[in-house]
Amino acid sequence: MLKDITLGQYFPADSPIHRLDPRYKLLMIIIYMVMLFSGDSMICLGIGFVYTFIAVAMTKISLKVYLKSIKPIFPFLLFTAVLNLLFIRDGDIYFQWKIIKITSEGVNTSLFMIIRIVLLLAGTSVLTYTTSPIVLTDAIERLLNPLKKLRFPVHELAMMMSIALRFIPTLIEETDKIISAQKARGAELDSGNIVKRAKNLIPILIPLLISSFRRAEELATAMECRCYNGGEGRTRLRQMKSGIADYIALSVTVLFLLLTFFADKILK
């Protein structure tokens, strides 16, 4: 299961999405989130699905990679969907047995919630899969650059986000090694009730915390040795330049957003 988590990973490829300016990709992902959460109908989600499908296809990254990003959270989606089925009682009754009642509104809400979250994960994965953490940090810093006039620590915030994304795969790999080591010592991590399984996590969490603090200390020492002093006087290896492809991609995203608003207004 841990190996299926692809959050924060970057997959190099020669695709139109990879070549886009990361600043525009960040703006498009913000517009994409507004698109998904602004509409309250399946037609609005259908528009979001079309946009997501086009973006995923243009990344030239295997669909299995995107499915892996959804697989770890699927149990939580299923649990939330079941709660919606049981506690939303408006609409036509599909099934009733004692206190259990499944209605049309509960089914619609459950499906709507699952589709929306799956699309959100797939869309945000397009950003992280096609943009390296270093480039993403520079893009965030450039977009938040006006806040520097208010003495907001823009560079530090962008650097923290970049480091967090960068170390997610590392911590997942470290967790997998710790679990394998504990199982080799005879630990039964997958047996027993919920309480016992929670206690079995202690031999995993403690070494993981120690390893995380050690890596953070090593990173801080390495940055100090290289005389790191924040964004002051810093130069960049890659200069960001926008082009016609960025303008077209942003315009298409805005067009899909307007279609969502229009469809939602018509349905109301």
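Below is a short write-up of the structure. (Residues numbered from 1 in each chain as written. Predicted model: local features only at pLDDT ≥ 70, side-chain atom pairs only at ≥ 80, totals over all residues. Heavy atoms only, no water.)

**Comments concerning the packing of aromatic side chains**
This structure, assessed with the given rule, holds six aromatic pairs. Plain terms: the ring middles of Tyr51 and Phe256 are 5.2 Å apart, the flat faces sit at 65 degrees to each other, and that makes the pair edge-to-face. Residue Tyr51 is located in helix 2 (residues 42–58), and its partner Phe256 is located in helix 10 (residues 244–267); the two are separated by 205 residues in the primary sequence. Take Tyr51 and Phe256: they sit in the same class, and that class is buried. Connected via pairs of aromatic rings, a cluster forms that spans Phe11, Tyr66 and Tyr129. (Phe/Tyr/Trp six-rings, centres within 6.5 Å; stacked < 30°, edge-to-face > 60°. Helix = DSSP H or I, 4+ residues; strand = E, 2+ residues; numbered from the N terminus. Buried < 20%, exposed > 50% of the residue type's maximum accessible area, 1.4 Å probe, protein only.)

**Looking at the environment of Thr124**
Tracing the backbone shows Thr124 in helix 5 (residues 104–130). What makes Thr124 partly exposed here is its relative accessible area of 23%. Sequence-wise, Thr124 and Val82 are 42 residues apart; in three dimensions their C-alpha atoms are separated by 25 Å. Residues within four places of Thr124 in sequence aside, it is in contact with Ile29 and Met33. Within the structure, the side chain of Thr124 is placed 3.1 Å from the backbone oxygen of Leu121, a separation counted as a polar contact. (Contact = heavy atoms within 4.5 Å. Polar contact = N/O pair within 3.5 Å; in protein donor to acceptor, adjacent residues only side chain to side chain.)

**Considerations on the pattern of salt bridges**
Within the structure shown, the criterion is met by four salt bridges. Where Arg19 meets Asp14, a salt bridge forms, and the shortest distance between an N and an O atom there is 2.4 Å. For the residue pair Arg19 and Asp14, the accessibility class agrees, reading exposed in each case. Ionic pairing is found between Lys177 and Glu173, a salt bridge with its closest N-O pair at 3.7 Å. (Salt bridge = Lys/Arg side-chain N within 4 Å of Asp/Glu carboxyl O.)

**Overview of the nonpolar core**
Judged by nonpolar contacts, the single largest core of 34 residues is most densely connected at Leu26, Met28, Tyr32, Met35, Leu36, Tyr51 and Tyr66. Among the secondary structure elements, those contributing two or more residues to this core are helix 1 (22–38), helix 2, helix 3 (63–70), helix 5, helix 6 (133–143) and helix 10. Ranked by the residues each element gives to this core, the list is headed by helix 1, at eight residues. What Met35 contacts, discounting residues up to four positions off in sequence, is Gly48, Tyr51, Thr253, Phe256, Leu257 and Thr260. (Core = buried A, V, L, I, M, F, W, Y, C linked by side-chain atoms within 4.5 Å.)

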